Amino acid sequence: GAVVSQHPSRVICKSGTSVKIECRSLDFQATTMFWYRQFPKQSLMLMATSNEGSKATYEQGVEKDKFLINHASLTLSTLTVTSAHPEDSSFYICSAKNRGTEAFFGQGTRLTVV
Amino acid sequence: AQKVTQAQTEISVVEKEDVTLDCVYETRDTTYYLFWYKQPPSGELVFLIRRNSFDEQNEISGRYSWNFQKSTSSFNFTITASQVVDSAVYFCALSEGLIQGAQKLVFGQGTRLTINP
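Residues numbered from 1 in each chain as written. Chains lettered and ligands numbered in written order. Predicted model: local features only at pLDDT ≥ 70, side-chain atom pairs only at ≥ 80, totals over all residues. Heavy atoms only, no water.

(A) Quick look at the interface of chain B and chain A. Contact with chain B, which involves 18 residues of that partner, is made by 20 residues of chain A. Applying the counting criterion to the chain B and chain A interface returns 1 salt bridge. Where Lys 104 of chain B meets Glu 59 of chain A, a salt bridge forms, and the shortest distance between an N and an O atom there is 3.2 Å. Joining chain B to chain A, the criterion identifies 4 residue pairs in polar contact (both at pLDDT 80 or more). (Contact = heavy atoms within 4.5 Å. Salt bridge = Lys/Arg side-chain N within 4 Å of Asp/Glu carboxyl O. Polar contact = N/O pair within 3.5 Å; in protein donor to acceptor, adjacent residues only side chain to side chain.)

(B) Summary view of the packing of aromatic side chains. Using the criterion set out here, one finds 19 aromatic pairs over all chains in the structure. Ring centres of Tyr 37 of chain B and Phe 107 of chain B lie 6.0 Å apart, and the angle between their planes is 45°; on these two criteria the pair is classed as tilted. Of this pair, Tyr 37 of chain B sits in strand E5 (residues 32-39) while Phe 107 of chain B is found in strand E11 (residues 106-107), placing the two residues 70 residues apart along the sequence. Summarising the burial analysis for this pair, Tyr 37 of chain B and Phe 107 of chain B share the class buried. In this structure an aromatic cluster arises from ring pairing among Tyr 36 and Phe 105 of chain A together with Tyr 33, Phe 35, Tyr 37, Phe 47, Phe 91 and Phe 107 of chain B. (Phe/Tyr/Trp six-rings, centres within 6.5 Å; stacked < 30°, edge-to-face > 60°. Helix = DSSP H or I, 4+ residues; strand = E, 2+ residues; numbered from the N terminus. Buried < 20%, exposed > 50% of the residue type's maximum accessible area, 1.4 Å probe, protein only.)

(C) Up close: the side chain of Ser 95 of chain A. If you trace the backbone, Ser 95 of chain A turns up in strand E9 (residues 90-97). Discounting chain neighbours no more than four positions away, the residues touching Ser 95 of chain A are Thr 32, Met 33, Phe 34, Tyr 36, Ala 103, Phe 104 and Phe 105 of chain A.

(D) Layout of unusual backbone geometry. In this chain, His 7 of chain A is followed by Pro 8 of chain A through a cis amide linkage whose omega measures 0°. When you line up the elements, Pro 8 of chain A lands in the loop between strand E1 (4-7) and strand E2 (10-13). One non-glycine residue, Ser 83 of chain A, lies in positive phi territory at about 45°. Mapped onto the fold, Ser 83 of chain A is located in the loop between strand E8 (76-81) and E9. Phi angles above zero are rare outside glycine, and Ser 73 of chain B is one such case at about 50°. Along the chain, Ser 73 of chain B turns up in the loop between strand E8 (64-69) and strand E9 (74-79). Ser 73 of chain B gets classed as partly exposed once you look at its relative accessible area, which sits at 24%.

Structure, rendered in C-alpha cells:
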C-alpha cells in the first residue's frame, strides 16, 4: 500500500512554544490530507481536512488559529500547534488520500507539552 | 449524523479462543464505507478492511473474518484462534460518499483486546 510518513514520532516541548508536525505522502500525490487527534485511551477525532492549495476545513470546536494547517504541495501537509499548553498533549495522526483512493495513515506523533 | 458505536471497551480472552468485536453504525446516507483498523501499543493505525455499503458479502482473511449486516447496521469482526500478537486496540470507522472514495472517517470508541497466553 501507499506510504505516509509523519515526523516527528515524538516531541516534548515547553508550554507556550509552537510545534510543527509534518505529514508526507512518499509514493503518491495526496490531494487531501486529514488530521486527527487522539487523547489517551480515547478514540480518534477529526480535527481538520486540508486540500492541496486551499485553506483547511476545521471541525467544530477546533481552533484554527491554534492549529495551523498548511498543505502547500501534493506530498506535504503540516500541522503547527501554536502556543502549546499541557492540555494539547495528545497523539496526532494524519492520513492522506488521492482522488478515488482510500486514505492511508501516518505513524502518528505523540506530543507532550510540559 | 454519522455515529459508530463499539460497545465493548475491553475484552480479555485466552490464546486460541475465538473473539468477536462488535460495531454498530448510524448514517443517513445510502452510500458509505466501513473500516476496521488495528492500533498496537506503538500507536500507528493498521488498515484491516474496507467494505462499501453495496457489498454485504462477508469476508475472510486468514484468521480474520467480517460480518456486514445492513439490516442491523452492524459490521462485526471475528478473530479465530486468537494469538498474543492480536492484542491491540481495534477501531471500527465509517465514511460517507462512494463517488470520490473514502472521505473523512468517524471512528468508534475502540475495543481494547488483550490475548493472554
